[in-house]
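# Summary of structural features
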Amino acid sequence: MRSLDRKLLREIWRLRAQVLAIALVVASGAALLIMSRTAVEALQETADAFYERTRFADVFAGVKRAPERLSRDIAAIPGVTAVETRILETAILDVPGFTDPVIGELVSLPKHGEPVLNRLTLRSGRLPEPDRPDEVALSEPFAAAHRLRPGDRLDAVLHGRRRSLAVVGTLLSPEFVYAISPGGLMPDDQRFGVLWMGRDALAAAYDMKGSFNAVAIGLLRGADQQAVIDRLDGLLDRYGGRGAYARADQLSNWFLQNEIEQQKNMSHLLPTIFLCVAAFLTNMVMARLIATERREIGLLKAFGYSSLEIGWHYAKMVLIIAGIGVAIGSVAGAWLGRWDTALYATLYHFPFLLYRPGPAAFLTAGLVSLGAALAGSMHAVRKAVRLPPAEAMLPPAPPSYHKSRLAPAVLGPLLDEPTRMILRRVLRWPLRAFATSAGIAMSVAVLVMALQWIDAVDFLVDSTFVRAQRQDASIAFGELEPLDVTASVLRLPGVEAVEPFRSVSARLSHGPLSKREAITGVPARAELSPVFDAERGRIEVPPDGLLLSRKLAERLGVKVGDEVTVAVQEGRRPVLKLPVAQLFETYIGTPAYMQLGALDRILKDGRVANGVHVAVDPARRAELVAEIKRNPAISAVTFRQAAIDKFHETLGRTMFVFVGFLIGFASTLSIGVTYNSARIALAERARELATLRVLGFSRTEIAYILLGEVGLLTWFAIPLGCATGFGLAVYLAGAFETELFRVPLVITDATYGKAALITLAATAACAVFIRRRLDRLDLVAVLKTRE
C-alpha cells in the first residue's frame, strides 16, 4: 500500500465521526432520490403490466340507452380492435353490520366467457353464473372492508326493488385500481364497492334487455384516438350519448397518473437540498483539514510528490466519504422505495406489485452524490495543490487583530470575557460564520417545508369541508327529478333544510385547448354548499355565464370575459358559447359552476335537479339512513363527516408518515452541520482552549467559549432557515400543483416554533458529545509546539 493511501486511511479513521456525519447527509439525499425514483418506476411498471395483462380499454363512453346492434358500427370505426358493451348502474346497498348506506356500482359480465377488455382478476371464489340472477362478485377491497366472503349475502335496491344478493367471489379490475364513489376524493371501501353481475340479470333489473349504456373500446397501437372518440360520439349521439373519453381521463387512471406526477416532482426537489448541503459540508471539512495540514502538504511536495498526486489524495478522501454515504443511501433508499410502494398499494389495488428497482436510480444517485461532494471540495483541493512547499512548511500568518467597527465599545463593559471571545471570533470571520449558519438554516428550512404539509392539509380540510360545505349529506338521484322534489326530501325524517343542485357532463374548450369537466348548477344564494373561494370566502354565483376555478381557467387559457365553448355530453347535447363571468380559487379538482336557473334555461329541460344537499338533525340520522335505503329514487348518498374522517385517515397512512421521514432526514442534516462545525472549531482552537485552561479558566468556561459560538450561529440560523423554508414552501406549492390537488401555502407560527425546537434539540445533542470530548482534552499534548 502506498504511503499516501495509508495516510488517507489514518485520516478517515481519525475523522470517523465527522466522516459519518457527512456520509449520513449524503445518504439522506441519495435515499430520497432512490426512494422516489424506484417508487415511481414500480408504480408505473405495475400499472403498465396490469393494464396490459387485463387489456385495459383505451376509450370509454356512456350512453342513456343504445341497442346492442350498434356495437357492430362501433367495431367498424378505423383503428378499433375490440368493443365491449356493458350495463353500468349505481345502487344503494345494505351491508350486514354496517349502518350507513353503501354506494354500489353494478357492472355487467358478458353472457359467455370473460370480458374481452378490462379483464378481471379472480381473487377468491368464482364468477357469477349467467343463469343465477342473484349472484354477484365483489371488488376485493370492498369485501375485505366488510369481511365479506363467498357464501355471504347483502341487500341492494335495484331500480326500486330490494334484492338479496349472494356473494360468490372477489375480483380486482383495472378500471377500479383507485376505487372512489361518484364525486369522492379518497377511496372509502366501507362506503363504496363494485359488484359484478350477469348481463341478463342486470338487464332484467333495469329494463335494458338488448341494450347497453356503457362501452369500452380497444385501439390499434398508433391509432388516432381523438378521431375514434369523435366517431363514437357521433354514433351514440342519437341514443343519449354522454361523451366518450380516453384512458387518460378515466377516473381511476387519472388519479393514479396524478400521484405518479407528484412523486416525480418530489424526486427532483428534496434530494437536491440534501446534496447541496453535503457539498457545503464537504467543502467546510476539507478546507479546514487542508488548513491544518499545511506542513504535511509542504513535506509531501518536498519529498517529490506532484501536485496531481496530492490533489488526487484529497479527492479520494472526498470520494470515500461520499461513497460511504451512497452505500448507506442505496440500502436505505431501496428499503424506503419498497415501503413507499407497499404504502401506495394500500390505496391503489393491484393483484401484484412489481418492485424491481433497476440500476438507473442507483447510478443516478451515486453519480449525483459523488459529483456534488467533489464539486463542494474542489476549491479546497485546488488550494492544497497550489500551495508552494516553502510556504506550506511555514505556520500560517497570524490574523491581524484590530478593533471591529461591528462591536461598539459601549458593549464591552456589559459582556464578560468569554462572551467577548465568542463575538470577536464570529465578527472576525463573518463568511465562515455565515456558511455554518446557512448549513444549519437548511435543516430548519427542510423542517419548515415538511411540517408545512400538516398546516396545508388542515387548511385544505377547513376550507373545503368545513367553511365551504355546510350540508350534512348529499343525495344523488338516478334520473333528473322536477325541482319540487326538494319538498319530498324535506319530508324525510331528520331533514331540516334542502338545497338542489344539478351536475351536467360537458367538454369545455377554448381554441385548441379543451377539458372534460362537469358543470354544477347551484342556487344563486346557496347556503348549504355555496361556491367558496379559498382566499375570499363564499361568493355568489353570477346570473349568467360560467364560474370557473383558477386551475381550470389556466388549463383552458381563459380569463374573465372570454367565451368558452361548452359541448354538453347528455340530453339534447347542445353546443353553447358561454362567457367566463368570474374565477375562484380552490385546492381540489377543477370545478365549474353556473346558477341552477341559468343552467336549466340553456338546456331547456325545465326546472330540474339530479341531487340535493341536506342538513340533518343528528338525533334522527339513523331514521334518515333507513329511509334512504328504502327509497328507489336515490342512487347515492355521501355524508360530509365520513368524507372528512376518510380524508384524514388516508393522509395519516401516507402524507404524515412521509412528513415523519422528512423530519428525521432534516434532523440528520442539522446534526451533520452542527457536529462538523463544532468538531472543526475544536480542532482549530484546541491549543487556544488548552492555554485558557492553564491560565485558570474552568471547563465550563472553555465549553461556553466553544459551544457558545455554535449556539449563537444556531440562533442566527433559525430566522434564516424559517425564511428559506417559506421560499421552499412557495416552490413546493408550485411544483406539486396538479389538476387533482394543490398545496395551500399556509405556515402557522407553531410550525416555525416546532422547526426551531427540533433544530435546537439536535444542536444540544451535538453539544453534549463535543463537551465530553472537550473534558478529555490532553493539555500537555495540545500545548506542544509544532515548529
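Sequence order as written defines the numbering, with residues in each chain counted from 1. Confidence filtering applies because this is a predicted model: local features only for residues at pLDDT of at least 70, side-chain atom pairs given and counted only at 80 or more, and all residues used for totals across whole chains, interfaces and linings. Side-chain measures here rest on the full set of heavy atoms in the structure, leaving out hydrogens and waters.

## Structural notes on the overall build of the protein
Each helix is a run of H or I in the DSSP string that is no shorter than four residues. Each strand is a run of E no shorter than two, and both are numbered from the N terminus. In terms of regular secondary structure, the protein is built from 22 helices and 22 strands. Reported as C-alpha extents along the three principal axes, the dimensions of the protein are approximately 100 × 60 × 55 Å. Here the protein holds 787 residues, and the buried ones make up 54% of them. In what follows, a contact means two residues having at least one pair of non-hydrogen atoms within 4.5 Å. Put simply, 83% of the contacts in the protein that link residues at least 6 apart link residues at least 24 apart. Carbon and sulfur atoms make up 58% of the accessible area of the protein, which totals about 34,400 Å². Charged side chains of the protein number 91 positive and 78 negative; the gap between the two group centres comes to 9 Å. Exposure classes here rest on a 1.4 Å probe applied to the protein chains alone. A residue is buried below 20% of its type maximum, exposed above 50%, and partly exposed in between. We get accessible surface area from the Shrake-Rupley algorithm with a probe of 1.4 Å; when it comes to residues, only the shown protein chains can shield them. Charged residues are defined here as Lys and Arg on the positive side and Asp and Glu on the negative side; His and the ends of the chain fall outside this count. Working definition for charges: the position is that of NZ of Lys, CZ of Arg, CG of Asp or CD of Glu.

## Topic: the side chain of Gln250
Examined against the element boundaries, Gln250 turns out to sit in the loop between β11 (245-246) and α7 (251-292). When its relative accessible area of 6% is taken as the criterion, Gln250 is described as buried. With sequence-adjacent residues up to four places away left out, Gln250 is seen in contact with Phe56, Phe60, Glu175 and Tyr245.

## Side note on helix α8 (residues 294-302)
If you check which residues of α8 are buried, you get Arg294, Ile297, Gly298, Leu300 and Lys301. The buried residues of α8 occupy an angular sector of 160 degrees when the element is viewed end-on, so they sit on one face. Two residues or fewer past α8, Gly304 is found with a positive phi of approximately 105 degrees. Each direction from the helix axis to a C-beta atom contributes to the arc, which is the arc of those directions.

## Remarks on the environment of Asp230
Inspection of the secondary structure puts Asp230 in helix α6 (residues 225-236). Along the sequence, Asp230 and Tyr245 sit 15 residues apart, while their C-alpha atoms lie 9.6 Å from each other.

## Remarks on the nonpolar core
Leu256, Leu270, Tyr348, Phe350, Met449 and Trp453 are the most contacted members of the largest nonpolar core, which has 75 residues in total. Looking at this core, the elements with two or more residues in it are α2 (16-53), α7, α9 (307-345), α13 (430-467), α18 (640-653), α19 (655-694), α20 (699-735) and α21 (749-775). In terms of residue count, the dominant contributor to this core is α13 (14 residues). Nonpolar cores are built from buried Ala, Val, Leu, Ile, Met, Phe, Trp, Tyr and Cys residues. Side-chain atoms within 4.5 Å join them into one set.

## Here's the deal with the sheet that holds β11
Across the sheet, which stays open at both edges, the four strands sit in the order β2-β10-β1-β11 with antiparallel pairing between neighbours. The open sheet has two free edges, formed respectively by β2 (80-86) and β11, since each of these has just one partner strand. For two strands to count as paired, DSSP must find a minimum of two bridges between them. Relative to strand β10 (residues 211-219), β2 runs antiparallel, the two sharing six bridges. When the bridges of β10 are listed, Ala82 appears paired with Gly218.

## A few points about the packing of aromatic side chains
Between 30 and 60 degrees the pair is tilted, below 30 it is stacked and above 60 it is edge-to-face, where a pair is any two Phe, Tyr or Trp rings, Trp via its six-membered ring, whose centres lie within 6.5 Å. By the definition in use, this model includes twelve aromatic pairs. With centroids separated by 5.6 Å and ring planes inclined at 55 degrees, the aromatic side chains of Phe56 and Phe60 adopt a geometry described as tilted. The pair formed by Phe56 and Phe60 is uniform in burial state, with each residue classed as buried. Plain terms: the ring middles of Phe584 and Tyr593 are 5.8 Å apart, the flat faces sit at 55 degrees to each other, and that makes the pair tilted. Of the two residues, Phe584 and Tyr593, neither departs from the other in class, the shared state being buried.

## What about the pairing of strand β9 (residues 192-198)?
Where burial is concerned, most of β9 is hidden: seven out of the seven residues are buried. Where strand β4 (residues 102-109) meets β9, seven bridges bridge the pair, whose relative direction is parallel. Bridge pairing in β9 places Leu106 opposite Leu195. Bridge count between strand β6 (residues 135-139) and β9: two bridges; the pairing is antiparallel. When the bridges of β9 are listed, Ala137 appears paired with Trp196.

## Description of empty space enclosed by the protein
Cavity and pocket criteria rest on a 1 Å grid covering protein atoms alone: a 1.4 Å probe that fits but cannot get out defines a cavity, protein on both sides within 12 Å along at least 5 of 7 lines defines an open pocket, and an atom within 4 Å of a point defines a lining residue. Grid points are joined across faces, edges and corners, and a volume is the space filled by probe spheres set on the points. Taken as a whole and assessed by the stated rule, the structure comprises eight cavities of 30 Å³ or more. Its volume calculated, the largest cavity comes out at about 560 Å³. If you go around the largest cavity, you meet 27 residues; those closest to its centre are Glu259, Gln262, Tyr344, Leu651 and Met655. Elements with a contribution of two residues or more to the lining of the largest cavity: α7, α9, α18 and α19. For the lining of the largest cavity, the leading source of residues is α7, giving six residues. Here the lining of the largest cavity is built from residues that sort into 20 nonpolar, five polar and two charged. Only Asp, Glu, Lys and Arg are considered charged in this grouping, and only Ala, Val, Leu, Ile, Met, Phe, Trp, Tyr, Cys and Pro are considered nonpolar; every other residue, Gly among them, is considered polar.

## Some remarks on the packing of α2 against α19
The N-to-C vectors of α2 and α19 enclose an angle of 155 degrees; their axes lie 9 Å apart at closest approach. For the element pair α2 / α19, the angle class is roughly antiparallel. α2 and α19 meet at a crossing whose hand is left-handed. Residues Ala17, Gln18, Ala21, Ile22, Leu24, Val25, Ser28, Ala31, Leu32 and Met35 of α2 touch α19, and the partners they reach there are Phe658, Leu662, Phe665, Thr668, Leu669, Gly672, Tyr675, Asn676, Arg679 and Ile680. Grouping the constituent residues of the contact of α2 with α19 by class yields 14 nonpolar, five polar and one charged. Note on geometry: axes are lines fitted to C-alpha atoms, helical ones only across the stretch in contact, with angles between N-to-C directions running from 0 to 180 degrees. Small angles under 35 degrees read as roughly parallel and large ones over 145 as roughly antiparallel, with 65 to 115 read as roughly perpendicular and the rest as oblique. Should the near helix be turned anticlockwise from the far one by less than a right angle, the crossing is termed left-handed; should it be turned clockwise, right-handed.

## Description of unusual backbone geometry
Unlike most non-glycine residues, Arg55 shows phi in positive territory, near 50 degrees. Take Arg55: it is sitting in the loop between α2 and β1 (59-67). Given the relative accessible area of 32%, Arg55 is considered partly exposed. Phi at Asn118 takes a positive value of approximately 50 degrees, unusual for a residue other than glycine.

## Quick notes on the environment of Ile321
Residue position: Ile321 is located in helix α9. In this structure Ile321 touches Ile12, Val19, Ile22 and Ala23, once residues within four positions along its chain are discounted.

## A word on the pattern of salt bridges
The salt bridge criterion pairs a side-chain nitrogen of Lys or Arg with a carboxyl oxygen of Asp or Glu, the two atoms within 4 Å. Under the criterion given, the structure shown has 34 salt bridges. A salt bridge links Lys111 to Asp200; its shortest N-O distance comes to 3.7 Å. Of this pair, Lys111 sits in the loop between β4 and β5 (121-125) while Asp200 sits in helix α5 (residues 199-205), and the two are 89 residues apart along the sequence. Across the salt bridge formed by Glu585 and Arg550, the nearest N and O atoms sit 2.5 Å from each other. Of this pair, Glu585 sits in the loop between β19 (575-584) and β20 (592-595) while Arg550 is found in helix α15 (residues 550-556), placing the two residues 35 residues apart along the sequence. With a relative accessible area of 10%, Glu585 lands in the buried category. Residue Arg550 is classed as partly exposed on the basis of its relative accessible area, which comes to 24%. Because the salt bridges share partners, they merge into one network encompassing Asp94, Asp155, Arg162 and Lys629.

Keep in mind these values describe shape, not function.
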